[in-house]
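Take a look at the letters that make up each chain.
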Amino acid sequence: MATSRERLNQTLNHTEPDRLVMDMGSTAVTGINANALHRLRKALGLEERRVKISEPLQLLGEVEEDVYQALGLDCVGISAGINLFAFSNAGRKPWTMPSGLSVDVPVDFNTTVDGQGRTYLYPQGDLSAPPSGMMPKGGFFFDNITRGEISCDDIESSGAEDFKDDFAVMNDDQLRELERQCNYYYDNTDYGIIYSSNIAAIGDFAIVPGPNVKHPVGIRSLPEFMMAHHLCPDYIHEVFELQVEVGLKNAELVRQACGDKIQVVQISGTDFGTQNGPFMSQDAFREFYKPYYKKINDWVHKNTKWKTFFHSCGAVMSFLKDFHEAGVDILNPVQLSAKDMDGKILKEQWGDKFVFWGGGIDTQQTLPFGTPEEVYREVTERLELFSKGGGYVFNTIHNIQSPTSAENMMAMFDAVRDFRNRK
């Protein structure tokens with residue numbers, strides 16, 4: 001019988017493994033909200049303990065080894081341990097979520113609450129800086145706060161100068177932590193290993209506002225940033241060139257720390273599709289994004305055996321040829337609920353070119369709001385569609401959301417278990 005690591009390798013090379021590969025929690029786009037994870041742990045009959053927050057913006061829970069064993073998960077994520085707000089995930093303290101659930105958060109996860117019940121989170125954990133994240137009363141996750149509303153008419157310096165504090169080369173402590181995680185999982189488990197920090201999420205809306213920077217400057221408003229592609233394109237190119245420069249330096253450091261113990265590296269989390277269509281024209285993608293992603297993917301394929309993981313929500317069918325030409329190996333989250341994202345066409349026309357990682361069930365409607373029977377049926381249909389011939393890792397369409405019931409999550413995993421047992 002193959003190991004999880006071997007099965008992932010087979011899947012990445014479009015060979016059907018002896019058992020379907022399943023992921024939950026290896027990345028910040030394939031995870032589970034802490035509230036849902038708490039319910040799932042109870043439904044699985046596992047030891048009751050405080051869920052650890054692994055990703056502060058979305059309040060994702062850390063999927064621990066007992067959950068891996070109970071569900072038969074195959075993939076683990078490793079990183080340097082620094083989150084989107086630029087503080088370490090090391091160290092823990094208790095914190096109460098709006099739902100009333102007590103969780104463990106990083107030591108520098110510092111919040112304040114205003115008179116309207118809004119909760120604020122701070123860059124680098126510094127309460128003296130303006131907050132960079134806000135969660136409304138009763139919310140499930142944080143949203144970025146735009147600090148600064150300048151446009152192309154207001155810029156006084158280059159994009160590289162304005163964003164120089166946003167992107168950093170990993171330091172020795174971070175590399176040692178990455179190496180520690182890599183060696184631990186490689187030597188002590190047979191899980192597939194994913195480098196889960198984006199190498200260069202070019203233009204990612206979660207990064208543009210600068211949640212990790214105490215006093216961001218430059219064009220930080222998302223509408224202004226998108227308009228700047230046309231009004232001051234050189235500024236945008238300067239930002240992206242900086243991201244790629246730093247990203248390639250980090251890719252080399254990751255290679256030195258882990259080599260080919262890593263099987264998958266997450267390149268980007270930038271969304272190019274909305275629910276109803278592409279976020280931009282193909283011409284804009286080809287001018288501003290494709291050359292930079294191709295440069296990164298080419299480096300990865302020339303210097304490592306890694307496969308490149310590319311996350312883009314929404315209706316991206318019209319970009320798939322460009323994604324392929326740019327060297328993308330893995331497509332996530334495979335949002336079949338978006339316009340023109342037909343699963344049969346994806347599998348028939350692109351199944352030999354991309355590994356589909358996700359698409360297992362709709363997390364906007366079916367999983368949180370459907371019946372267990374509807375969940376089971378949708379998961380089974382997706383598995384029958386995508387798993388044939390390999391090239392498929394089961395995961396939900398993006399993260400499992402906070403309101404999701406234990407019954408529906410168990411129906412999902414029951415469907416996966418039953419499908420696996422067919423062989």
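Everything below is about the structure shown above.
How each quantity is defined
Residues numbered from 1 in each chain as written. Predicted model: local features only at pLDDT ≥ 70, side-chain atom pairs only at ≥ 80, totals over all residues. Heavy atoms only, no water. Helix = DSSP H or I, 4+ residues; strand = E, 2+ residues; numbered from the N terminus. Rg over C-alpha atoms; globule rule 2.2 N^0.38 Å. Buried < 20%, exposed > 50% of the residue type's maximum accessible area, 1.4 Å probe, protein only. Contact = heavy atoms within 4.5 Å. Pairing = 2+ DSSP bridges. Salt bridge = Lys/Arg side-chain N within 4 Å of Asp/Glu carboxyl O. Disulfide = S-S within 2.5 Å. Arc of directions from axis to C-beta. Polar contact = N/O pair within 3.5 Å; in protein donor to acceptor, adjacent residues only side chain to side chain. Expected span 1.5 Å × (residues − 1). Axes fitted to C-alpha atoms, helices over the stretch in contact; angles between N-to-C directions. Core = buried A, V, L, I, M, F, W, Y, C linked by side-chain atoms within 4.5 Å. Phe/Tyr/Trp six-rings, centres within 6.5 Å; stacked < 30°, edge-to-face > 60°. Lys NZ or Arg CZ within 6 Å of the ring centre and 35° of its normal.

> Let's hear about the overall build of the protein chain: which residues, and what values?
The secondary structure content of the protein chain amounts to 14 helices and 16 strands. Whereas a compact globule of 423 residues would reach a radius of gyration of roughly 22 Å, the protein chain reaches 21 Å, a difference of no more than 12%. Seen through its principal axes, the protein chain has C-alpha atoms that stretch 65 × 50 × 40 Å. Across the 423 residues of the protein chain, 57% fall into the buried class. A fraction of 72% describes how many contacts in the protein chain between residues 6 or more apart in sequence connect residues 24 or more apart.

> Outline the sheet that holds strand β7 (residues 111-113), listing residues and values.
Ordered by their spatial adjacency, 4 strands build an open sheet running β7-β8-β9-β10, and the pairing between neighbours is antiparallel. Two strands in the sheet have a free side with no partner beyond their single neighbour: β7 and β10 (143-144). Sheet topology note: the strand β9 (residues 133-135)/β10 ladder contains 2 bridges and is antiparallel. Paired with Met134 across the strands is Asp143, a residue of β10.

> Can you break down the pattern of salt bridges residue by residue, with the values?
Under the defined criterion, the tally for this structure stands at 28 salt bridges. With its nearest N and O atoms 2.8 Å apart, the salt bridge here joins Lys290 to Asp322. Here Asp322 lies in helix α10 (residues 320-325) and Lys290 lies in helix α9 (residues 290-303), a separation of 32 residues in the sequence. You'll find Lys290 and Asp322 in the same group, each marked buried. Members of the salt-bridge network, linked through shared partners, are Arg41, Glu47, Arg49, Glu64 and Asp66.

> Explain the side chain of Lys290 to me, and be specific about the residues and the numbers.
The class for Lys290 is buried, based on a relative accessible area of 14%. Among all residues touching Lys290, those that are not within four sequence positions of it are Phe285, Asp322, Glu325 and Ala326.

> Please set out the state of the cysteines residue by residue, giving values where relevant.
Simply put, the disulfide is a covalent bond whose two ends are the sulfur atoms of two cysteines. This structure, assessed with the given rule, holds 1 disulfide. Each sulfur in the disulfide pair Cys152 and Cys232 lies 1.9 Å from the other. On the sign convention where negative means left-handed, the S-S torsion of about -60° between Cys152 and Cys232 marks this disulfide as left-handed. Separated by 80 residues along the polypeptide, Cys152 in the loop between β10 and α4 (159-162) and Cys232 in the loop between α6 (222-231) and α7 (233-258) bring together distant segments of the chain. For Cys152, a relative accessible area of 15% corresponds to the buried category. Its relative accessible area of 11% is what places Cys232 among the buried residues. Among the cysteines around Cys313, which has no disulfide bond, Cys75 carries the closest sulfur, lying 19 Å off. Its relative accessible area of 14% is what places Cys313 among the buried residues.

> Talk me through helix α11 (residues 343-350); I want residue IDs and the actual numbers.
Among the residues of α11, Gly343, Leu346, Lys347 and Trp350 are the ones counted as buried. End-on, the buried residues of α11 take up no more than an arc of 110°, which puts them together on one face. Summarising the geometry of α11, the exposed residues directed more than 90 degrees from the buried face are Lys344 and Glu348. Summarising the contacts, the buried residues of α11 are in contact with α10, β15 (355-357) and α13 (372-386). The residue sitting at the N-terminus of α11 and contributing the capping side-chain oxygen is Asp342; that oxygen lies 2.9 Å from the backbone nitrogen of Lys344.

> Explain helix α14 (residues 406-420) to me, using residue names and the numbers behind them.
Under the 1.5 Å per step criterion, the end-to-end length of α14 is 21 Å for 15 residues, consistent within 8% with the ideal 21 Å. Where α14 is concerned, the buried positions are Ala406, Asn408, Met409, Ala411, Met412, Phe413, Ala415, Val416, Phe419 and Arg420. Buried residues in α14 make contact with β1 (21-22), α2 (34-43), α3 (65-71), α12 (366-369), α13 and β16 (392-394).

> Break down the sheet that holds β16 for me, with residues and values.
Sheet architecture is open: 8 strands sit in the order β1-β16-β15-β14-β13-β12-β11-β4, paired in parallel fashion. Pairing within the sheet leaves two strands with one partner each, and these edge strands are β1 and β4 (75-78). The sheet contacts of helix α5 (residues 172-188) involve β4 and β11 (192-195), and relative to β4 the element is tilted by about 160°.

> Mind laying out the side chain of Thr404, listing which residues take part and the relevant values?
In this fold, Thr404 is placed in the loop between β16 and α14. According to the relative accessible area criterion, Thr404 is buried, its value standing at 0%. Contact partners of Thr404, with chain neighbours within four places excluded, come to Ala36, Arg39, Leu367, Pro368 and Met409.

> Quick rundown of the nonpolar core? Include the residues and the values.
Counting residues in hydrophobic clusters, the biggest one holds 113 residues, and the most contacted among them are Met24, Phe272 and Phe323. Per-element accounting of this core gives the leading share, 13 residues, to α7. Other than its neighbours up to four places away in sequence, Phe323 contacts Phe272, Phe285, Phe310, Val316, Val328, Leu331 and Phe354. Core analysis: the next-biggest nonpolar cluster, separate from the first, contains 12 residues, Leu8, Ile194, Ile330 and Val393 among them.

> Outline the packing of aromatic side chains, listing residues and values.
Applying the stated criterion across every chain yields a total of 28 aromatic pairs. Centre to centre, the rings of Phe386 and Tyr392 are 5.2 Å apart; their planes meet at 20°, and the pair counts as stacked. The pair formed by Phe386 and Tyr392 is uniform in burial state, with each residue classed as buried. Among the aromatic side chains, those forming a connected cluster through ring pairs are Phe163, Phe167, Phe225, Phe240, Phe272, Phe285, Tyr289, Tyr292, Tyr293, Phe310, Phe319 and Phe323. Taking the ring centre of Phe163 as reference, the NZ or CZ of Arg220 above it sits at 3.8 Å.

> Got a sec to walk through the environment of Phe419? Specific residues and values, please.
By the secondary structure assignment, Phe419 is in helix α14. Overall, the relative accessible area of 15% leaves Phe419 in the buried class. C-alpha of Phe419 to C-alpha of Glu384: the two residues are 35 residues apart in sequence and 8.5 Å apart in space. With sequence-adjacent residues up to four places away left out, Phe419 is seen in contact with Leu20, Leu383, Glu384 and Ser387.

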